[in-house]
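Next come the chains, spelled out residue by residue.
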Amino acid sequence: MTQALLVINAGSSSIKFALYTVAGGAPTPCYRGQADGLGASIGSLQIKDDQGKRLLHEELPESDGHDEALDRALSWLEERLEGHDLIGAGHRVVHGGPEFSHPVRITDDILERLDGFCELAPLHQPHNLRAIHAVARVRPHLPQVACFDTAVHRQQPRVAQRFALPRQYENKGVLRYGFHGLSYEYIASVLPDHDRQAAEGRTIVAHLGNGASMCALHGGQSVASTMGFTALDGLPMGQRCGNIDPGVILYLLQNEGMNAAEIEDLLYRRSGLLGLSGISADMRQLLESDRREAAEAVEYYVYRAVREVGSLTAALGGLDALVFTAGIGENAAPVRAAICEQLGWLGITLDREANAHNAGRITTTDSRIPAYIIPTNEELMIARHTLRTLDPA
Ligand code: ADP
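This is a predicted model, so every value here is computed, not measured.

A. Region of interest: the overall build of the protein. The number of helices and strands found in the protein is 16 helices and 14 strands. Compactness check: the protein gives a C-alpha radius of gyration of 21 Å against a globular reference of 21 Å for 393 residues, within 12% of the reference. Within the protein, buried positions represent 54% of all 393 residues. Each charge class in the protein was averaged separately, 35 positive and 48 negative side chains, and the resulting centres sit 4 Å apart.

B. View of the pairing of strand 6 (residues 84-93). Extensive coverage of strand 6 is indicated by the burial of eight of its 10 residues. Here strand 1 (residues 2-10) runs beside strand 6; their pairing, made up of seven bridges, is parallel. Considered in strand 6, the bridge of T2 is made with H84. Bridge count for strand 6 against strand 8 (residues 144-148) is five bridges, and the pairing is parallel. Opposite R92, over in strand 8, you have C147 as the bridge partner.

C. Highlighting the UniProt feature "active site" (unreviewed entry) in the protein. Here the UniProt-annotated "active site" (unreviewed entry) positions come out as D149. Judged by relative accessible area, D149 falls into the buried class, the value being 0%. If we skip the residues at most four places from it in the chain, D149 touches R92, V93, V94, G178, F179, H180, G181 and L182. Engagement of the side chain of D149 in a polar contact is seen with the side chain of R92, the distance being 2.6 Å.

D. Fine view of the sheet that holds strand 14 (residues 371-373). Ordered in space as 11-10-9-12-14-13, the six strands form an open sheet in which the pairing is mixed. Of all strands in the sheet, those bounded by a partner on one side alone are strand 11 (221-225) and strand 13 (360-361). Of the pairings in the sheet, the one linking strand 10 (residues 212-218) to strand 11 comprises four bridges and is antiparallel in character. Looking across to strand 11, one finds that L217 is bridged to S222. The strands touched by helix 14 (residues 333-342) are strand 9 (202-208), strand 12 (321-325) and strand 14; relative to strand 12, the strand with the most contacts, the crossing angle is about 160 degrees.

E. Inspection of the packing of helix 1 (residues 66-79) against helix 3 (residues 125-138) at higher detail. Where helix 1 meets helix 3, the closest approach of the two axes is 9 Å, and the angle between their N-to-C directions is 55 degrees. Our classification of the angle between helix 1 and helix 3 gives oblique. Classified by chirality, the crossing of helix 3 by helix 1 is right-handed. Taking contact as the criterion, the partners of H66, D67, L70, D71 and L74 in helix 1 are, on helix 3, R130, A131, A134, V135, R137 and V138. Tallied by class, the residues present in the contact of helix 1 with helix 3 amount to six nonpolar, one polar and four charged.

F. Structural view of the UniProt feature "site: Transition state stabilizer" (unreviewed entry) in the protein. In this structure's numbering, the residues bearing the UniProt feature "site: Transition state stabilizer" (unreviewed entry) are H180 and R240. Summarising the element assignment, H180 is placed in the loop between helix 5 (167-171) and helix 6 (181-194). According to the relative accessible area criterion, H180 is buried, its value standing at 8%. Once residues within four sequence positions are removed from consideration, H180 is found in contact with R92, D149, H207, G211, A212, S213 and M227. Mapped onto the fold, R240 is located in the loop between strand 11 and helix 8 (246-254). Look past the residues within four positions of R240 in its chain and what remains in contact with it is L123, H124, G211, M227, A231, L232, L267, Y268, S271 and G272.

Conventions and cut-offs
Throughout, residues of each chain are indexed from 1 in the direction in which the sequence is written. The model is predicted, so local features are restricted to residues of pLDDT at least 70 and side-chain atom pairs to those at 80 or more, both for listing and for counting; the totals for chains, interfaces and linings are taken over all residues. Hydrogens and water molecules were not included; the side-chain quantities draw on all heavy atoms of the structure. Think of it this way: any DSSP run of H or I at least four residues long counts as a helix, any run of E at least two long counts as a strand, and we number them from the N terminus. All radius of gyration figures rest on C-alpha atoms, and the globule criterion is 2.2 Å times the number of residues raised to 0.38. The buried label goes to any residue with under 20% of its type's maximum accessible area, the exposed label to any with over 50%, and the partly exposed label to all in between, with areas taken from a 1.4 Å probe on protein chains only. None of His or the chain ends enter the tally, which takes Lys and Arg as positive and Asp and Glu as negative. To locate a charge, the coordinates of NZ of Lys, CZ of Arg, CG of Asp or CD of Glu are taken. Only when DSSP finds a minimum of two bridges between them are two strands counted as paired. UniProt positions are given in the numbering used here, feature names are shortened, and annotations may be inferred rather than shown by experiment. The contact rule is simple, with two residues in contact once any of their heavy atoms fall within 4.5 Å. Counting of polar contacts relies on pairs of N or O atoms within 3.5 Å, with two restrictions inside protein: one atom must be capable of donating a hydrogen and the other of accepting it, and residues adjacent in sequence are counted only when both atoms are side-chain atoms. For helices, the fitted line uses only the C-alpha atoms of the stretch in contact; every axis is such a line through C-alpha atoms, and the angle between N-to-C directions lies from 0 to 180 degrees. Angular relationships are summarised with four words: roughly parallel below 35 degrees, roughly antiparallel beyond 145, roughly perpendicular across 65 to 115, and oblique for the angles in between. Crossing handedness: left-handed means the near helix sits turned counterclockwise from the far one by under a right angle, and right-handed means the same turn made clockwise. For this classification, the nonpolar set comprises Ala, Val, Leu, Ile, Met, Phe, Trp, Tyr, Cys and Pro, the charged set comprises Asp, Glu, Lys and Arg, and every other residue, Gly included, is treated as polar.

This is the structure:
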């Protein structure tokens, strides 16, 4: 019987999922779907085939939450999987804390430990875990695997993982974890097809999505990243502040009378592109806007990205390639152009026409350092990990 795998990436109000069949030990995408608006007045469930053809689009009634949406999706998928054996579900779990440096098969004990990291990733972790509980309720015997966004960064040199705080905090797990690890692993796995020399050497990957970070890869291994203890640090994001002087937090506590919950809301939901522009968290809308505030938000975004490339290049001791990925990295040509142009001093020469096409190599043939667009595929990475974890042979 052909085997099949379910991959789930759950957020607060949406669940993205994909079904893979397994042939010759490799996962092949079969169906992809998304449940949106969960818990809102009208939700929806969409499923497409691997060619992008829409096979299902239905409204979910008001009461429908994560459990109902997953149950409906699983029933629909299983009806079409006659002759297939669903062998497991793989989940994206944002925070694996200090202990998880590899994907793990989920048990009650592991779930309890992962629950302890919810405060470190309040936008993601509770929803990731909720989806695991939901699958366990509707399919109690299905093996489940947690794949962590922090795992690949656990191999960074210790100096890259530390903060200059008294040692007792490090012992308690106050470390730089880095995130978007599944995306970086995927890019590292396909980089040799684009540039073998860079794959063996020093590459910076810019994962510029709604959340955004950069990772320095040396020989495909993460050696430094811009996100830290939480997914707030580093680059400015749609709604998150990115790099900020911790003195600002003290000021907000002491002088503005804000409490922890208000500061969390400010830094995670009201800052970044949204806070800077006062218009939108969405890069596409900012690029389309002719308002000065939109242009200033994009200017800051590019400025911080350029500074982080400089910092990671220093950590790597040089640079062999720059890779753009995720929503902004793959689609926002003006943002890539501005970043590459401000990195001219480093040896990056943009090919404007190639950049406008949103694919492949976007630097001139005589650019000392090449830059590429490589679409990420976190779901495929989760499917590969899940398969390996369930069947290590
Ligand atoms: P998530 O982190 O939610 O997976 P994505 O990787 O989908 O996010 O990235 C979302 C971001 O990509 C948004 O800011 C969106 O505006 C931006 N984006 C997507 N398509 C375009 C485009 N054609 N031009 C500019 N920005 C785009």
